[in-house]
Amino acid sequence: MPDTTRSRASSVRPSLDRLGALVTLCVVLALWLAPFVSVRANRIVAGQPLTAIEALPVSAAAALWAVVLIVAAVALLVRSPWIRLITSVGGLLSLSVTVGFAASVLTPAGDSFARVSPASGFWFLTLGMALLAADSVTRLNFTPGLRLAALALAALALWLVIASGAWDDLSLMKEYASRSDSFGGAVRQHLVLALGSLAGAVITGVPLGILCHRLPALRALILPALNVIQTIPSIALFGILMVPLGFLAATVPLAYAMGVRGIGTAPAVIALFLYSLLPIVANTAVGLAQVSPSVVDAARGMGMSRWQRLFAIEIPLALPVVLAGIRIVLVQNLGLAAVAALIGGGGLGTFIFQGIGQTAIDLVLLGALPIVLMAFVAAIVLDAMVDLAGGARA
Amino acid sequence: MIAIEHLTKRIGETTLVDDVSMVVDTGTITVVVGTSGAGKSTLLRMINRLITPTSGRVLIDGQDTMDIPEDRLRHRIGYVIQGNGLFPHRTVAGNIATVPRLLGWDQKRIRRRVEELLDLFQLDPAEFANKFPRHLSGGQQQRVGVARALAAEPRLLLMDEPFGALDPIIRGKAQADLIAIQRRFGTTIVLVTHDMEEAFHLGDRIAVMNDAQLLQYDTPAQLLTRPAAGFVERLVGSSDRPFRLLSLAKVRDAMEPGDAPGEPIDPDVNLRDALSRLIWAGADRLPVAHGNDTATAHISVSGILSHGRPPQ
Ligand SMILES: Nc1ncnc2c1ncn2[C@@H]1O[C@H](COP(=O)(O)OP(=O)(O)OP(=O)(O)O)[C@@H](O)[C@H]1O
Ligand SMILES: [Mg+2]
C-alpha cells in the first residue's frame, strides 16, 4: 500500500514542477527581456517599448525585480498551495501598482496627448502569476461559498486599485476618462443584450427541453434545428434578422412602438436568443434524461402527479446540468454581444469597433477587457451555483 | 383483502402476465417468486396501477382499483423498489415525509411520524433525519426506503426485490425487521423476489410465476410437499427440500413429553436450527423450555426428522 501512495505522489510531482518551472521561466524572462510598458506621443502612433529597468526609477525597478524573483522562487521550490496563492496574489497587486507608477513617471507633466500602456512583458508577468494563482485555487479545492468570497475580494481589490487613482496615467484609464459618460451606458446595454437574451432563452428553452424529454419525436425535430442555428456565423445571423424585423417595424405600428427595428437592440437580442436556445434546450433534456429511472418510478409509485414529479423531483435533479447550460450561454452571450455593435445594438462592442477603425488599441481594450472580466465573473458565479445545486448529492 | 381476477397484460405480441387470479388475505405476507422475466414486477405494478392491465381487475377490500383515482390509490399503498429509489436531493426526513406531505398532513404530525419510523428502524433521528441518502450505507438506505413506504400508514405494502442489493447479514436483519413490523401493524404485504430462501422465510403464501403464468399459489409447506408438476417441482425439488420443510416448523410442533438432559431449547426455535443444535451437541434428545423454566418436554432427532418429509 505505501508503495502505491508513493508512486502516485511521485507521478504528480513532475507535473507540479512543470507548472512551477513554466511560471518561473515566464516571469523572469518577461521582466528581463520583454518591454514592460510602451510610450507613445499620442493615442494612435506606434509606441516606444521600454523594459522595467528603463521605465522605472532604480528603487522601483529593484523592488519589482525582488517581487518577481520571490514569485519565481516560490513557484519553483514551494509546493504549499496556500503560500503559492498568497505570493502570486501579492505579486499581481505589486505589478498593478507598479505599472500605474511607471505610467505616472513616464508621462511628461502637463502632456495630455502622451500615452503609456502596459506592454508584452507586463502581460506575460500577469499571465504567469495568474496561472500560479489559478492553479493554487484549483488545488485548494475551495467550497462554492469560498470561491464566491474570493471573487468578491478580487473585485474589491480591483476597485480599490482603480479608485485610488494608481492607474490614472495609464492609457486605458485616459481612454476611459474621455469616454466616462458613455462607458456606463455601454456596459449596461451590453448586460441588457446578454442577460435579456439569456432570460428569454431560459423562459422558452427550459419548457422546450422538458417537452423534448417527454416527446422523443419533438426532440428529433428541435435539437437538429437549433444545431443548424448555432452554425450560422453571428454576423450572418444579424444580417438575416435585419430584413424581416425591418419589414415588421415598417408594416406593424405596434411592433415599431415596442422598439422593434431592423437594426439596433431587437435583432441583436433575437440573434443572441437564438444562439442561446440550443445549450438550454439540450441541457434541460439531457439533465432530465439522466435522472435515475428508479427515482422517477418511486415518485410515481408514491402517487406524485406528473407536475409534482416534474417540479419536486425531476427539475431539482436536472438543475446542475441546466445551470451548466446557462453558464455556457451567459459566457457565450457576453462575448457575442460585442458583435451587436455592428448592427447598432450598442454595448461594449461599440468601443471595440471604433477602436479598430481609429487604430486606437486602448479603445479596443476599453471595450474588450470589461467583457473578459464579466465573462470571467459569470463563469465563476455559475460554476459555484452548479456546485451548490448538485452539492447535496454529488 | 386483495382479489386479483384474471389479470392479463399484453404489449404487442408478448404477454407479460397471463390470466393471473389470486387472493391475498389481509395481514399476510405473500411472496411472488419466479425466474427473471417471469412477469413478477408487472403483476405487482398492476396492483397500484403503475401498469394498466390489458384485462382483468384488482379489488382491494372489494373496491375495484380502477374506480379510485390513481394518485389517491397510490397514496394508500406503500411501494418499495429494488435499489430503494430514494430522492437524492432530499434528506432522510424529507424522503420519509413524501406521502404525508402529498396528503397535506400538518408539519407537527409529519415530524412525529418521521421520528417514530426512524426509531422503529433503529436509525437515531438526531443523527439521520437530516442526512442525505448518499451518506447512508446500503442497508440504511434500504431501511429508509421501507420507512418511506410506510409513512402514511398504508394497509397494503408492495415490495419489488427490496432486499436484492443487501449482503446476507443485513438482508437477514432486514427480513426480521419486516416480519416484526408486519406483525405489529398487520400490514398486508406482497413481495417480489427471485430468492427461494427468502420466499420460504417470509411468505405466508408463495406465488410461483413462470412465463407470465401463475403456476402455483400455496403455503410454503404445501409448495414443498405437493408441488405442481413441472417447473414448481424443479424449483422446490432441490436436495435441501427437507431442510426447508424443517425450517417451517417449530420445536413446539415436534416436542414430546418428558425431560431430557442438556442445555434446553426454546419452543419457538425452528426445527432446522434445533437439528443443528442436536448434531452439534452430539445428543439424541434435548430438553425444551422457555428461558430458565424447568423443562417438561424434550425434542429428539427422530421426532424432528419425521417433520422433514411429506405427511403420509
Ligand atoms: N414495456 C415493455 N415492453 C415489452 N416487454 C416488456 C416491457 N416491460 C417488460 N417487458 C418484458 O416482460 C417480461 C416480464 O417483465 P417483468 O419486469 O415483469 O419481469 P420480472 O419477473 O419482474 O423479472 P426480474 O426478476 O428480472 O425483475 C420480461 O421478459 C420483460 O422483458
Ligand atoms: Mg422485476
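Under an unreviewed UniProt entry, the name given to chain B is Osmoprotectant transport system ATP-binding protein, and the organism recorded is Chelatococcus asaccharovorans. Quoted straight from UniProt, the Sequence similarities (unreviewed entry) entry for chain B says "Belongs to the ABC transporter superfamily."

Where an unreviewed UniProt entry is consulted, chain A appears under the name Osmoprotectant transport system permease protein, with the organism given as Chelatococcus asaccharovorans. Its UniProt record gives chain A a comment under Sequence similarities (unreviewed entry), which states: "Belongs to the binding-protein-dependent transport system permease family." Heading Subcellular location (unreviewed entry) of the UniProt record for chain A holds this comment: "Cell membrane".

A.B. asks: Is there a simple way to explain empty space enclosed by the protein in this structure?
C.D. replies: One way to see where empty space is left: roll a probe the size of a water molecule over the atoms. Applying the stated criterion across every chain, the model contains 4 cavities of 30 Å³ or more. The volume enclosed by the largest cavity comes to roughly 50 Å³. Along the walls of the largest cavity sit Met302 of chain A together with Arg74, His75, Ile77, Gly78, Tyr79, Val99, Arg148, Ala149, Ala152 and Pro154 of chain B, which together make up its complete lining. Here the lining of the largest cavity gets 3 residues from one element, more than from any other, and that element is strand β6 (residues 77-81) of chain B. Each residue belonging to the lining of the largest cavity can be placed in one class, and the counts come to 7 nonpolar, 2 polar and 2 charged. When its volume is computed, the second largest cavity comes out at roughly 40 Å³. Every residue along the wall of the second largest cavity is listed here: Phe121, Gln142, Arg143, Val146, Phe163, Ala174, Asp177 and Leu178 of chain B. Secondary structure elements with two or more residues in the lining of the second largest cavity: α7 (138-150) and α8 (168-185) of chain B. Its residues placed into classes, the lining of the second largest cavity shows 5 nonpolar, 1 polar and 2 charged.

A.B. asks: Can you walk me through the site of ligand 1 in this structure?
C.D. replies: All names here are of chain B. Around ligand 1, the neighbouring residues are Ile11, Leu16, Thr35, Ser36, Gly37, Ala38, Gly39, Lys40, Ser41, Thr42, Glu161 and His194. At 2.8 Å, a side-chain N or O of Lys40 approaches an oxygen atom of ligand 1. A distance of 3.4 Å separates an oxygen atom of ligand 1 from a polar atom in the side chain of His194. When the free accessible area of ligand 1 is taken as 640 Å², the share hidden by the protein chains comes to 55%. It is helix α1 (residues 40-47) that contributes the most residues to the shell around ligand 1, 3 residues altogether. The class makeup of the residues in the shell around ligand 1 is 3 nonpolar, 7 polar and 2 charged.

A.B. asks: Would you mind going over the sheet that holds strand β12 (residues 285-288) of chain B with me for this structure?
C.D. replies: Strand pairing within a sheet occurs via backbone hydrogen bonds; the two strands may be parallel or antiparallel. In spatial order, the strands read β11-β13-β12 (chain B); together these 3 strands make up an open sheet with antiparallel pairing. What marks the edges here is a single partner per strand, and that holds for β11 (256-257) and β12 of chain B.

A.B. asks: I tried to follow the domain arrangement of chain A on my own but got confused; where do I start?
C.D. replies: Buried accessible area, meaning the area lost when the parts come together, often serves as the stated size of an interface. Residues and elements named next belong to chain A. For chain A, the domain assignment lists domain 1 (14-163) and domain 2 (177-391). Each of domain 1 and domain 2 was reduced to a C-alpha centroid, and the two centroids are 34 Å apart. Listed by partner, the interface residues are 10 residues for domain 1 and 15 residues for domain 2. Three residues, Arg43, Arg147 and Leu151, lead the burial of domain 1 against domain 2; their summed loss comes to 46% of the area buried on that side. Where domain 1 packs against domain 2, one counts 2 salt bridges. One salt bridge connects Asp362 with Arg40, and the closest N-O pair in it is separated by 2.7 Å. Only β3 (115-118) and α6 (144-163) provide two or more residues apiece to the side of domain 1 that touches domain 2. Ranked by residue count, the leading element in the side of domain 1 that touches domain 2 is α6, at 5 residues.

Criteria and cut-off values
Residues numbered from 1 in each chain as written. Chains lettered and ligands numbered in written order. Predicted model: local features only at pLDDT ≥ 70, side-chain atom pairs only at ≥ 80, totals over all residues. Heavy atoms only, no water. UniProt positions renumbered as here; feature names shortened; annotations may be inferred. 1 Å grid on protein atoms, 1.4 Å probe; cavity = no way out; pocket = protein on both sides within 12 Å on 5 of 7 lines; lining within 4 Å. Points joined across faces, edges and corners; volume = space filled by probe spheres on them. Helix = DSSP H or I, 4+ residues; strand = E, 2+ residues; numbered from the N terminus. Nonpolar A, V, L, I, M, F, W, Y, C, P; charged D, E, K, R; others polar. Near = heavy atom within 4 Å. Polar contact = N/O pair within 3.5 Å; in protein donor to acceptor, adjacent residues only side chain to side chain. Areas by Shrake-Rupley, 256 points an atom, 1.4 Å probe, with all protein chains shown as cover. Pairing = 2+ DSSP bridges. Domains from an automatic or database assignment. Contact = heavy atoms within 4.5 Å. Buried area = accessible area lost by both parts, 1.4 Å probe. Salt bridge = Lys/Arg side-chain N within 4 Å of Asp/Glu carboxyl O.

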